[in-house]
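# Architecture at a glance
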Amino acid sequence: ETGVTQTPRHLVMGMTNKKSLKCEQHLGHNAMYWYKQSAKKPLELMFVYNFKEQTENNSVPSRFSPECPNSSHLFLHLHTLQPEDSALYLCASSQEVGSGGATDTQYFGPGTRLTVL
Amino acid sequence: GNSVTQMEGPVTLSEEAFLTINCTYTATGYPSLFWYVQYPGEGLQLLLKATKADDKGSNKGFEATYRKETTSFHLEKGSVQVSDSAVYFCALSDQAGTALIFGKGTTLSVSS
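Below, the structure is looked at part by part.

What counts and what doesn't
- Residues numbered from 1 in each chain as written.
- Chains lettered and ligands numbered in written order.
- Predicted model: local features only at pLDDT ≥ 70, side-chain atom pairs only at ≥ 80, totals over all residues.
- Heavy atoms only, no water.
- Helix = DSSP H or I, 4+ residues; strand = E, 2+ residues; numbered from the N terminus.
- Buried < 20%, exposed > 50% of the residue type's maximum accessible area, 1.4 Å probe, protein only.
- Contact = heavy atoms within 4.5 Å.
- Areas by Shrake-Rupley, 256 points an atom, 1.4 Å probe, with all protein chains shown as cover.
- Lys, Arg positive; Asp, Glu negative; His and termini not counted.
- Charge placed at Lys NZ, Arg CZ, Asp CG, Glu CD.
- Buried area = accessible area lost by both parts, 1.4 Å probe.
- Salt bridge = Lys/Arg side-chain N within 4 Å of Asp/Glu carboxyl O.
- Polar contact = N/O pair within 3.5 Å; in protein donor to acceptor, adjacent residues only side chain to side chain.
- Core = buried A, V, L, I, M, F, W, Y, C linked by side-chain atoms within 4.5 Å.
- Pairing = 2+ DSSP bridges.
- Phe/Tyr/Trp six-rings, centres within 6.5 Å; stacked < 30°, edge-to-face > 60°.

The next thing to look at is the overall build of chain B. For chain B, the count of helices and strands is zero helices and 12 strands. When the helices and strands of chain B are placed in sequence order, the string is β-β-β-β-β-β-β-β-β-β-β-β. Dimensions of chain B, computed from C-alpha atoms along their principal axes, come out at roughly 45 × 25 × 20 Å. Residue burial in chain B is summarised as follows: out of 112 residues, 45% are buried. The contacts of chain B with a sequence gap of at least 6 include a subset with a gap of at least 24, amounting to 55%. Summing over all exposed atoms, chain B offers an accessible surface of approximately 5100 Å²; the carbon and sulfur share of this is 47%. Here chain B contributes 8 positive and 11 negative side-chain charges, whose respective centroids are spaced 6 Å apart.

So this is what it looks like as structure tokens:
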């Protein structure tokens, strides 16, 4: 499945750095999501965008800042991260939020493996 | 609130063995149910889904039936292969379709 791409695939950064993760979907979807996957924890939803509008912020610290300039692109801007933020960050897209039924299937990108030193 | 509970892993099987990974859920209304698979070093891939009670999702030899009476969506495969080694996630999407709620994942290891 190459409908959702993420760059970079791996990122190492210091706690004082600023970096951005990029996600692009080629599926014509209108909803995009950021998830965090840490070892031995369930996937954690971070942010949801529907038609470029943020519809959910799941109590994410402000050092993570999302941006959705259009329905095909989603960014996650990172600054002053902590070592415990090291994880796999997954982007996903779906047709739209709130449509329910068969159109709520989410398609995932390969993820960005982030290491904070 | 909505939640998903999966059996704890890891599950270790020999090639051609029968696989069952249990999944139960708690939800209001009629959620859609999903199984996703994550191979080493990759993101999640949709394996199968069911959108209403008694529906059976199937793909690549895997099957799961949406059982509303037992609030379950157990994953089965009759004969596993080494290439099936991965982490399997059960998930639900509520009627609002806001986001998926995932179980913790079950690691499957198949040896030849």
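Moving on, there is more to tell.
This brings us to the interface of chain A and chain B. Between chain A and chain B, the residue contacts involve 23 residues of the former and 22 residues of the latter. Sorting the residues of chain A by area buried against chain B places Leu43, Asp104 and Phe108 of chain A first, and these three jointly supply 26% of that buried surface. Taken together, the links from chain A to chain B amount to zero salt bridges. Where chain A touches chain B, the interface holds five residue pairs in polar contact (both at pLDDT 80 or more). Broken down by secondary-structure element, the contributors of at least two residues to the side of chain A that touches chain B are strand 4 (31–37), strand 5 (44–50) and strand 9 (87–94) of chain A.

Turning next to the nonpolar core. Counting 26 residues, the largest nonpolar core has Leu19, Trp35, Leu47, Leu48, Phe73, Leu75 and Tyr88 of chain B as its most contacted members. Those elements that place two or more of their residues in this core are strand 2 (11–14), strand 3 (19–21), strand 4 (23–26), strand 5 (32–38), strand 6 (44–50), strand 8 (62–65), strand 10 (86–93) and strand 12 (106–111) of chain B. Those residues within four positions of Leu19 of chain B in sequence are excluded, and the remaining contacts are Val11, Leu13, Phe62, Leu75, Glu76, Lys77, Val80 and Leu108 of chain B. By size, the runner-up hydrophobic cluster in this structure holds 22 residues, among which are Cys23, Phe47, Val60 and Tyr89 of chain A.

The next subject is the pairing of strand 9 of chain A. All names here are of chain A. In terms of burial, strand 9 is a largely internal element, eight of the eight residues being buried. With burial as the criterion, each face of strand 9 is covered, one bearing Ala87, Tyr89, Cys91 and Ser93 and the other bearing Leu88, Leu90, Ala92 and Ser94. Where strand 4 and strand 9 come together, seven bridges link them in antiparallel fashion. The residue of strand 9 that forms the bridge with Met32 is Ser93. Sheet topology note: the strand 9/strand 10 (residues 107–108) ladder contains two bridges and is antiparallel.

As a further point, take the packing of aromatic side chains. As enumerated under the stated definition, the model contains 11 aromatic pairs over all chains in all. Judged by centre distance (5.8 Å) and plane angle (55°), the ring pair of Tyr36 of chain B and Phe102 of chain B falls under tilted. Of this pair, Tyr36 of chain B sits in strand 5 while Phe102 of chain B sits in strand 11 (residues 100–102), placing them 66 residues apart in sequence. Among the residues examined, Phe102 of chain B registers a relative accessible area of 6% and is labelled buried. Linked through ring pairs, Tyr33, Tyr35 and Phe108 of chain A together with Phe34, Tyr36, Phe89 and Phe102 of chain B together constitute an aromatic cluster.

So, on to the pairing of strand 10 of chain B. All names here are of chain B. Counting buried positions along strand 10 yields seven of eight residues, so the element is predominantly enclosed. Where strand 5 meets strand 10, seven bridges bridge the pair, whose relative direction is antiparallel. Looking across to strand 10, one finds that Phe34 is bridged to Ala91. Direction of pairing for strand 10 relative to strand 12: antiparallel, over a ladder of three bridges.

Nothing here speaks to function; it is geometry throughout.
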